[in-house]
Every structure is written in C-alpha cells, then in structure tokens.
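Summary of the model geometry
Chain by chain, the residues:
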Amino acid sequence: MSKLWFDKIKKIEPYVPGDQPNVNGMIKLNTNESPYPPSPLVRKVLDEYDVDNLRLYPSFKCDGLKEILARTYGVDKCNIFLGNGSDEVLALCFQTFFNSDKPVFFPDITYSFYDVWCDLYNIPYRYIPVDEKFEIVVEDYFGENGGIVIANPNAPTGRYLKLDKIEEILRHNQDVIVIIDEAYIDFGGKSAVGLLKKYDNLVVVHTFSKSRALAGIRVGYAMCGEELVSYLEAVKNSFNSYTLNSLSQIVAAACANDKDYFECCRNKIINTRERTVLELSKLGFQTILSMSNFVFTTNHSMKASVIFEELRKINIFVRYFDKPRINNYLRITIGTDDEMSSLISALEKIVAQS
Ligand SMILES: *Cc1c(COP(=O)(O)O)cnc(C)c1O
C-alpha cells in the first residue's frame, strides 16, 4: 500500500544525547553534569515558593534573571536572550542568523548538534578539520562562509582557543554572525563576552547546565548586541513566547546570585581534573589538555570501545563516540574526588588485563 503522506514528512537524523542511566551506586561521568548540588540558595527559593504562582504564565521578559546576568558579565539587560537550555538558544541562533547560500563553518570534531540544526533548517555547512592535536586552525576560517560556530572550549576534546585567536576569526568575518558556544568556559578559559563592544556580529552562548549544576532546569542564554537580541526574540515569539518557565527563572536567578558557591565548585572540579589527568597518565593514557569539566583521553595499549564496555559492566558510565578520528578516545566527565578515585582503580584493573 502506498502512503502518499510519507514523502512529505520531515525525516532527520537527530542528535543522540548521552544515556541517562539510573542504576543504584552508579558513577555517572557521561554527560558533563556537575557532581555537586546546585547552590543552597536554590533550595531556599524552592522552599519559599508559592505554588499558586504556577497558575499564571511566566514573565516573558525574565527581568530578574537578566538583571543578575547583566551585572555578572558587565553587559546590559538588552544584550541578553534567554532560552530553555542553550541547545534551544543555539537552535534559534542558527535559524535566525544562518540564512546564506554559503556554508556555515565549524570544526569537524565538535558538538554534534551543530550539523543536526543545519540539516533541520536546510543550512549549508562545511566541516573545517582541526589539526592532528585537535586544535582549531584559525586561518581555515578566513574563507567565504555563511557564518561560524565554535565551541570554546571545544567538545568533546576540551581544547581551548585563546581569545586573541577568537578575535582573529572575528576580525576576518565581520560580514557574518560568529557564534561562540561557551558551555565550558567557567573551567579555566576566558569568555569572549568582553569582545561584544568591539564586534556587533558576535554571539556568546552560555548555559546553567554545566558549571552551575542546573542541567535539570534547562536554562541557557545568548549575549550579543541589542539588535541581534531583537531578531532572536522575534523568531522565538513566532514559535513559543514563554520558553522559560517561572520556576526555572527564579532557580537560575538564585543560583547566579551565589558567586562564592559557584567559585568553590568550579575550583574543586578544576583541581580534580588536574589530579585525574596525572593519574591517567600513570596508566598509559594520553589526555588532551582540557579547559573543561571533562577529559578526552586515549590509551594506545587498549581500544577505547573495550574500556568503555568494561566500565559500563561495573556501572561506571563515560562517553564513547564511534566516529572517525576520535573512535579511540573516551570523554570522561570530572566527578567528585571519590568518584574519580573509583574510576582510576577500575581503569587500573582493566588496563592490567590488556
Ligand atoms: C552541554 C552543551 C550544550 C547544551 O547545554 P544545555 O544548556 O543543557 O542545552 C551546548 N553546547 C555544548 C558544546 C555543550 O556541551
């Protein structure tokens, strides 16, 4: 039986997120969540929350949250665009800003959502290979293009591109929008947000999911010129005016207000990362220099896919990508010190069998 409607359906290969297993006693190091709970101020606003508020639609201006973020980053409220997780913010940026016949440029090894959004919105794109050390070669971004998106630090490598290099890319691409996805910027890098005053084609995207321990509430934001924000708002309001629910708004605001707790958690994660890299090297792992809350590591004496399976058997979950160039690497989220010690002793046993 022929089904005429079949040809008209949008068929797309979606992004596949990391597993969300729920096993007692598991060690979950596969989706770059924070190992620490959100700020205690979050508990407080939730305890004090008047449930009657839920009858009402949320504020679509999100003034409270925008004010705190504006103060944090030295921008104006009108420079902030909020969304339901930075994935949504990025998707709206692609839809709003990438409308050229020329290809959008991004690295061949990067966040695997970028090509999915291009496919979804019929945006032409070109993968720009990173070099053999997984470093971005800025000169490769000087050719004609329809826009640029770079995750900095990059995922899943953890490699950080210094700000002067980011600026070089911006300087050579002032006729297109350049998006810098800074999901992991709080783990040692320097944000490009200071370049907003100089480049009106720059969009910096952040998330509450990683360094702020709030992956469950889905809040992300873009920072860019007021005019770009207005175009993003128009596209968003043509789709869903109330993307950010009221609970997420107050939770994110409470969290953003607690700078000391934020500093403390990210410093702990950075210290644990450095210790982990050292321990891994003693087991024969080579790890890419990371400025994020994960490490990207390989061991020449054993296949990454085998290590991945062995870890999974004992309920330690890490991420493995069966993709060209990176199929012998594991991406391991930095957990607590205890979690990383358990991982290291498990790896010790696994590698000893090889
Ligand atoms: C995790 C991640 C995101 C998405 O974060 P959400 O705010 O949870 O949607 C975006 N970009 C990169 C590179 C990420 O790793």
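Before any of the text, the structure's been laid out above.
A brief look at the structure comes next. Because the structure is a prediction, the values reported are computed rather than measured.

1. Describing the pairing of strand E6 (residues 178–181)
Along E6, one buried face is formed by Val178 and Ile180 and the opposite face, lined by Ile179 and Asp181, is buried too. Once the chain exits strand E5 (residues 148–151) it traverses helix H5 (residues 163–171) before rejoining the sheet at E6, and the crossover so formed is right-handed. The pairing of E6 with strand E7 (residues 202–207) spans 4 bridges and is parallel. For Val178, the partnering residue across the bridge sits in E7 and is Leu202.

2. Considering unusual backbone geometry
What is expected of a backbone is that most residues other than glycine have negative phi and most peptide bonds are trans. A cis amide bond links Asn152 to the next residue, Pro153, at an omega of -5 degrees. Take Pro153: it is sitting in the loop between E5 and H5. Pro156 follows Ala155 through a cis peptide bond whose omega is 5 degrees. When you line up the elements, Pro156 lands in the loop between E5 and H5.

3. Notes on the nonpolar core
Counting residues in each nonpolar core, the largest one holds 54 residues, and the members touching the most others are Leu65, Leu82, Leu202, Phe208 and Met223. The set of elements that each furnish at least two residues to this core consists of helix H2 (63–73), strand E2 (80–83), E5, H5, E6, E7, strand E8 (220–223) and helix H7 (246–257). It is H7 that contributes the most residues to this core, 6 residues altogether. Each of domain 1 (18–38 + 260–352) and domain 2 (40–257) contributes no fewer than three residues to this core. Those residues within four positions of Leu82 in sequence are excluded, and the remaining contacts are Cys62, Leu65, Lys66, Leu69, Val89, Val219, Gly220, Tyr221, Thr243 and Leu244. By size, the runner-up hydrophobic cluster in this structure holds 33 residues, among which are Tyr36, Tyr184, Ala304 and Ala346.

How each quantity is defined
Note that residues are indexed from 1 along each chain, following the sequence as it is written. Confidence filtering applies because this is a predicted model: local features only for residues at pLDDT of at least 70, side-chain atom pairs given and counted only at 80 or more, and all residues used for totals across whole chains, interfaces and linings. The side-chain figures draw on all heavy atoms in the structure; neither hydrogens nor water molecules are used. Throughout, exposure labels follow a simple rule: accessible area from a 1.4 Å probe, protein chains only, divided by the maximum for the residue type, with under 20% read as buried, over 50% as exposed, and the rest as partly exposed. The numbering of helices and of strands both runs from the N terminus, where a helix is a DSSP run of H or I of at least 4 residues and a strand a run of E of at least 2. Convention used here: a crossover is right-handed provided that the path from the first strand, over the helix, to the second strand proceeds clockwise when the strands point away from the viewer. At least two DSSP bridges between two strands are required for those strands to pair. Residues grouped as a nonpolar core are buried Ala, Val, Leu, Ile, Met, Phe, Trp, Tyr and Cys residues, joined through side-chain atoms within 4.5 Å. Residue ranges for the domains trace back to a domain assignment, done automatically or taken from a database. Working rule for contacts: check all heavy atoms of both residues, and any pair within 4.5 Å makes them a contact.

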